[in-house]
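Structural features, examined
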Amino acid sequence: MPLRTTKHWFGVVLDAPDASALAHFYERLLGWTSFKDTPDWATLAPSETHGYNLSFQTEPNYVRPVWPSEPGRPIMMLHLDLEVDDLAAAVAYAVEVGAELAAFQPQDDVRVMLDPAGHPFCLYVDSD
């Protein structure tokens, strides 16, 4: 039997040294609304009814992942893929709100970015 709730609310949680600070970065990047913002936990979503969210949890032992991965170093456990209309403009905006362009770029049509806590996320334009 699949897991179901009446609300159908799905979320992804990213650990960070400061949940609130990382949530504010993604709030600026995505233009989403903050629904909870405490020192230990923060949650954003496009709206109350969209059914998905992005949350952030303060982890005192957080260690910034290394991209690309290196043996014996902390690796990313997941990354976000964000479709954009204009790749160059999206990269410029992401940098303006606090992201950095990763040094290693494995694809010509995707840009790997790093959020302020070091989580990789990808910006891409759908070519279909």
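Residues numbered from 1 in each chain as written. Predicted model: local features only at pLDDT ≥ 70, side-chain atom pairs only at ≥ 80, totals over all residues. Heavy atoms only, no water.

Per an unreviewed UniProt entry, the protein chain carries the name Glyoxalase and comes from Terrabacter tumescens.

**Observations concerning the packing of aromatic side chains**
To keep it simple, the criterion reads: Each Phe, Tyr or Trp ring (for Trp, its six-membered ring) is paired with any other whose centre lies within 6.5 Å, and the angle between the two planes then decides the class: stacked below 30 degrees, edge-to-face above 60, tilted in between. Partly exposed describes any residue whose relative accessible area lies between the buried limit of under 20% and the exposed limit of over 50%, with all areas from a 1.4 Å probe on protein chains only and scaled to the type maximum. Runs of H or I in DSSP of at least four residues are treated as helices and runs of E of at least two as strands, each being numbered from the N terminus.
Considering all chains together, one arrives at 6 aromatic pairs under this definition. Plain terms: the ring middles of phenylalanine 25 and tyrosine 26 are 4.9 Å apart, the flat faces sit at 80° to each other, and that makes the pair edge-to-face. For the pair formed by phenylalanine 25 and tyrosine 26, the shared burial category is buried. For the ring pair tyrosine 26 and phenylalanine 56, a centre distance of 5.5 Å and an interplane angle of 20° mean the geometry is stacked. Placement of tyrosine 26 in helix α1 (residues 19-30) and of phenylalanine 56 in strand β4 (residues 52-58) is noted, with a sequence separation of 30 residues between them. Since its relative accessible area comes to 0%, tyrosine 26 is described here as buried. Three or more aromatic residues link up through ring pairs in this structure, and these residues are Phe25, Tyr26, Phe56 and Phe121.

**Quick notes on helix α2 (residues 87-96)**
The test is simple: As used here, the arc belongs to the directions running from the helix axis to the C-beta atoms. Polar contact is the term for a pair of N or O atoms within 3.5 Å; when the atoms are in protein, one must be able to donate a hydrogen and the other to accept it, and sequence-neighboring residues count only if both atoms are side-chain atoms.
For α2, the full list of buried residues reads Leu87, Ala90, Val91 and Ala94. In a view along the axis of α2, the buried residues occupy a sector of 100°, so they form one face of it. Seen from the open side of α2, the exposed residues pointing more than 90 degrees away from its buried face are Ala88 and Glu96. Two or three places before alanine 88, at the opening of α2, aspartate 86 has a side-chain oxygen 3.1 Å from that residue's backbone nitrogen. Immediately beyond the C-terminal end of α2, within one or two residues, lies glycine 98, with a positive phi of roughly 125°.

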